[in-house]
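Structure at a glance
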Amino acid sequence: MKWMIERTPGSPVHRTEDDRVAVPMRLYRHGEHEADTELRLSLVDAEHLHAALCRVLDGQPPPRPAPECRQSVQASPGTAHIPGRA
């Protein structure tokens, strides 16, 4: 069985009533749309994901449709520093 998951088009990431971060996701099975759902993260998990994405994307130019929000990151295996942030 082959599953695929992607962001739900047109649905923004948002905060839930219980102060979690919700990422709308769309599930496909064998290429067919199965369901729309949300990946819900605690604020700590969202921060860990944010830091991990910053490290992975650092040094790569943003693709054309990407928002202009990235800053250069200097990361060591355990920490990341974003210029302009404490």
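Please refer to the structure higher up on the page.
To start, this report covers the structure provided alongside it. The structure displayed is predicted, hence computed values, not measured ones. Sequence positions are assigned chain by chain, starting from 1 and proceeding in written order. Restriction of local features to residues with pLDDT of at least 70 applies here, the model being predicted, together with a cutoff of 80 or more for giving and counting side-chain atom pairs; totals for whole chains, interfaces and linings are based on all residues. Side-chain metrics rest on all non-hydrogen atoms present in the structure, leaving aside hydrogens and water.

What to know about the overall build of the protein
Let me state the cut-off plainly: To qualify as a helix, a DSSP run of H or I must reach at least 4 residues; to qualify as a strand, a run of E must reach at least 2; elements of each kind are numbered from the N terminus. Type-normalised accessible area, obtained with a 1.4 Å probe on protein chains alone, sets the label of each residue: buried when under 20%, exposed when over 50%, and partly exposed for intermediate values. Here, two residues are considered to be in contact whenever any of their heavy atoms come within 4.5 Å of each other.
Broken down by element type, the protein carries one helix and six strands. Reading the protein from its N end, one meets helices and strands in the order β-β-β-β-α-β-β. Split into buried and exposed, the 86 residues of the protein put 15% on the buried side. Nonlocal contacts in the protein, meaning residues at least 24 apart in sequence, comprise 21% of its contacts between residues at least 6 apart.

Comments concerning the side chain of Thr16
Note the cut-off: Contacts described as polar in this section are N or O atom pairs within 3.5 Å, which, within protein, must combine one atom able to donate a hydrogen with one able to accept it, while residues neighboring in sequence count only if both atoms come from side chains.
Along the chain, the position of Thr16 falls in the loop between strand 2 (14–15) and strand 3 (21–29). Judged by its relative accessible area of 9%, Thr16 is buried. Polar side-chain contacts of Thr16 include one of 2.3 Å to the side chain of Asp18. Contacts of Thr16, omitting those with residues within four sequence positions, involve Ala22 and Arg40.

Here's the deal with helix 1 (residues 43–57)
We apply this condition: Take the number of residues in a helix, subtract one, and multiply by 1.5 Å to get its expected span.
Across its 15 residues, helix 1 extends 21 Å between first and last C-alpha, which sits within 8% of the 21 Å expected from 1.5 Å per residue. At the exit of helix 1 stands Gly59, carrying a positive phi of roughly 90°.

Regarding unusual backbone geometry
Despite not being glycine, Asp19 shows a phi value in the positive range, around 60°. Position of Asp19 among the secondary structure elements: in the loop between strand 2 and strand 3. According to the relative accessible area criterion, Asp19 is partly exposed, its value standing at 40%. Although it is not a glycine, His30 adopts a positive phi angle of roughly 55°. A residue is classified by how much of its surface remains accessible, and His30, at 56% relative accessible area, is exposed.

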